[in-house]
Structure formats: structure tokens, C-alpha cells
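Each chain, letter by letter, is given below.
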Amino acid sequence: MVIERAAGREPLAALLFGRDDRPAASEVADLAVGPDGFSILNAGRAPQGQAELLRDGLTFDLAGLAPAPKQDLPAAVHRVALSNDFNCESLEAASFLVGPHLAGAEHLLPVLRVAAAILRHLTQLKGLQAVVWRPARIVMSPAWFAEAVGVWLAGGPFPALALTALARSQSGIESEGLGFLTGQEFTLHARGGGPNREDSRIAVRLTDWLVTHGRVDAAREVVLAGVGAVWIEPDGANRLNVAPR
């Protein structure tokens, strides 16, 4: 049975390496050392190509390491901080997912923070070309991911452009991956024409506010720090319409 499908778990992230550059579990164990790292569990009994990672009492699995067969590449439609010639098709993936005892709790912020901390540490792996955050189908450079989640872990705002995607459309900005955390995605409607830089700032602040406060089940006005008020109105069970005031 493939590890991603065990106990109904789905991978949170994928680490993309150059061809034949996927590390072995021993290389992950070497990286684990340090106050900001993690521990490797059952290293001697783990199947080849897998590692069980422990941090803050929570366990996560890393699968698809060498010499295991390479895994299918995940869907990734949003790109951040990657060169124009970047091509996922030439890369090989390893998958990161919660341990069996956390199945169903992937979306909880305490779990997500530990997962982000481990993944940030894993960006130091030799040969790593990109990180995919699967709930948002976003692929980004390791440096971008490490910086964005590092700010959040240090007490800053939620990394809206690393753990969610904010896609521009003709009418505004739409989130993807926020529903993984709150059960709702949003459409931010631009005041006139296509979205501008101010709309992008509002979308980032809105994402941070929604992650902190959770679902919005009744229409309300919210004042977002630094960008002003927005009107939020539910549209069915899983979507929010948002308009700047």
C-alpha cells in the first residue's frame, strides 16, 4: 500500500528534486540535528525510502526518498519565485504527510505550524529544486517557502502566498487552499476593472484574518489592519464574496 493513501491520509507537501537527486533517509537524518530540526524515529526499521519525523510530540512521514521508486508529481498550477524555464516534469518528488495518529487533523493550526517548521528545515536538503504545497496546488522556490513560513513561525502574519494561492481573475482575486483551513474560499471583487496592487494587499490581509478567525457564516464588515474595511458575505457553504468598502 502506498504511504500517501494509508489511513486516508493525503500528502500536505511535495519536495521536488533533480533527476536522481532524491536524498536517502540517512541524509534526512543528518539534517535533523539541531535545535530547529526534528528527530528521526525507527530509523533502523523504516522501509527503504521512508522516514518518520518527530517534532513537538507530533510525527510526520516523508516518503519517496532514495532508493524507493519515484512518486507521481503533484498537480501544481500556481508558481511563485521560480525561473521562467522551471519545469516540474523533469523533477522527482518525495511526499510529506502527517503521521497516522494525526490523520484528519492536518488542517488544524497547531499541526500546520509544526509541519511548516519541519518543511522549512527540509528546504536545506541538497538538490531540492522546489516545494509544492498541495492543498493550494502552489509550487515555489525553497527560499521563498522558507522565508514566508519563517516570518509566520516567528510571530508574523500567516504566509498567504506560500500556504494558500491568490489567483487574479478579470473580476478580482480568488483564493485556493484556504478552504483546507477554514472550509471556505473567497473571491475578492475589485472596485473597478481588474485587480490592482491594493487589492493584492487586501487579499493577503484577508487571508491572515480568516485563518485567525475561522469561518464566516453571516454577512459582516471587517476592518483589516493597514488596508481598511471589507464586506464579507457567504455564498453557499464553501465560498465567500468580499468587497472593499
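Attention in this report is confined to the structure presented alongside it. (Residues numbered from 1 in each chain as written. Predicted model: local features only at pLDDT ≥ 70, side-chain atom pairs only at ≥ 80, totals over all residues. Heavy atoms only, no water.)

### Observations concerning the sheet that holds strand β7 (residues 128-133)
Counted only if it meets this: The pairing criterion is simple: DSSP has to find at least two bridges between the two strands. Elements are defined by DSSP. Helices are runs of H or I of four residues or more, strands are runs of E of two residues or more, and each kind is numbered from the N terminus. Orientation is described by lines fitted to C-alpha atoms, with helices fitted over the stretch in contact, and by angles between N-to-C directions that extend from 0 to 180 degrees.
The eight strands lie next to each other as β2-β3-β4-β6-β1-β7-β8-β5, forming an open sheet whose pairing is mixed. Strand pairing shows two members of the sheet lacking a second neighbour, β2 (39-41) and β5 (78-80), which therefore form its edges. Averaged over all neighbouring strand pairs, the angle between strand axes comes to 25°, with direction disregarded. Judged from the four bridges that link them, strand β4 (residues 58-63) and strand β6 (residues 92-98) form a sheet pairing that is antiparallel. The residue bridging Leu62 from the neighbouring strand is Phe96, located in β6.

### What to know about helix α5 (residues 197-213)
Going by this rule: Expected span of a helix, by definition, is 1.5 Å for each gap between consecutive residues, and there is one gap fewer than residues. Residue burial is assigned from relative accessible area. The probe radius is 1.4 Å, only protein chains are included, and a residue is buried under 20% of its type maximum, exposed over 50%, and partly exposed in between. Within 3.5 Å is the distance limit for a polar contact, defined as a pair of N or O atoms, with the added protein rule that one can donate a hydrogen and the other accept it, and that residues adjacent in sequence qualify only through two side-chain atoms.
With 17 residues, α5 extends 24 Å between its outermost C-alpha atoms, agreeing within 8% with the 24 Å of an ideal straight helix rising 1.5 Å per residue. Residues Asp199, Ile202, Ala203, Leu206, Thr207, Trp209, Leu210 and Val211 constitute the buried set of α5. A side-chain oxygen of the first residue of α5 lies 3.0 Å from the backbone nitrogen of Glu198; this N-cap is Asn196. Where α5 terminates, the next one or two residues include Gly214, which has phi positive at roughly 85°.

### So, unusual backbone geometry
Note that the residue after Ala66, namely Pro67, is joined by a cis bond; omega there is 10°. Among the structural elements, Pro67 can be located in the loop between β4 and β5. Even without being a glycine, Asp20 presents a positive backbone phi close to 65°. Summarising the element assignment, Asp20 is placed in the loop between β1 (13-17) and α1 (25-32). Take Asp20: its relative accessible area is 66%, and that puts it in the exposed class. A positive phi angle, close to 55°, is found at Ala81, a residue other than glycine. Within the secondary structure, Ala81 is located in the loop between β5 and β6.

### Quick notes on the packing of helix α2 (residues 109-122) against helix α3 (residues 142-153)
This is how it is decided: Should an angle fall under 35 degrees it is taken as roughly parallel, and over 145 as roughly antiparallel, whereas 65 to 115 is taken as roughly perpendicular and any remaining angle as oblique. Here is the rule for handedness: rotate from the far helix to the near one, and if that takes an anticlockwise turn smaller than a right angle the crossing is left-handed, while a clockwise turn gives right-handed. Two residues form a contact once any of their heavy atoms are found within 4.5 Å. In this classification, Asp, Glu, Lys and Arg are treated as charged, Ala, Val, Leu, Ile, Met, Phe, Trp, Tyr, Cys and Pro as nonpolar, and every other residue, Gly included, as polar.
Between α2 and α3, the shortest axis-to-axis distance is 10 Å and the interhelical angle comes to 135°. As judged from the angle between their axes, α2 and α3 are oblique. In the packing of α2 onto α3, the handedness of the crossing is left-handed. Contacts between α2 and α3 pair Leu109, Leu112, Arg113, Ala116, Ala117, Leu119 and Arg120 from the former with Phe145, Ala146, Val149, Gly150, Trp152 and Leu153 from the latter. Its residues assigned to classes, the contact of α2 with α3 shows 10 nonpolar, one polar and two charged.

### Brief notes about a nonpolar patch on the surface
Basically, it comes down to this: Within the patch definition used here, like charges are joined within 9 Å and nonpolar side chains (Val, Leu, Ile, Met, Phe, Trp, Tyr) within 5 Å, considering only residues with over 30% relative accessible area and no salt bridge. Accessibility throughout is a Shrake-Rupley quantity obtained with a 1.4 Å probe, and a residue counts as covered only by protein chains that appear here. Counted as salt bridges are all cases of a side-chain nitrogen of Lys or Arg within 4 Å of a carboxyl oxygen of Asp or Glu.
On the surface, Trp144, Leu161 and Val204 cluster together into a nonpolar patch covering about 210 Å² of accessible area. Among the secondary structure elements, Trp144 is positioned in helix α3.

### As for α3
Compared with an ideal rise of 1.5 Å per residue, which puts 12 residues at 16 Å, α3 spans 16 Å between its outermost C-alpha atoms and is within 8% of the ideal. Within α3 the residues assigned to the buried category are Pro142, Phe145, Ala146, Ala148, Val149, Gly150 and Trp152. The inward-facing, buried residues of α3 contact α2, β7 and β8 (138-140). Count one or two residues on from α3 and you reach Gly155, which has phi positive near 110°.

### Considerations on the pattern of salt bridges
Inspection of every chain in the model, using the stated rule, returns seven salt bridges. Of the charged contacts, one joins Arg55 and Asp56 as a salt bridge, the two residues approaching to 3.8 Å between their closest N and O atoms. Since its relative accessible area comes to 18%, Arg55 is described here as buried. Residue Asp217 pairs with Arg215 through a salt bridge whose shortest N-O separation is 3.1 Å. The class for Arg215 is partly exposed, based on a relative accessible area of 40%.

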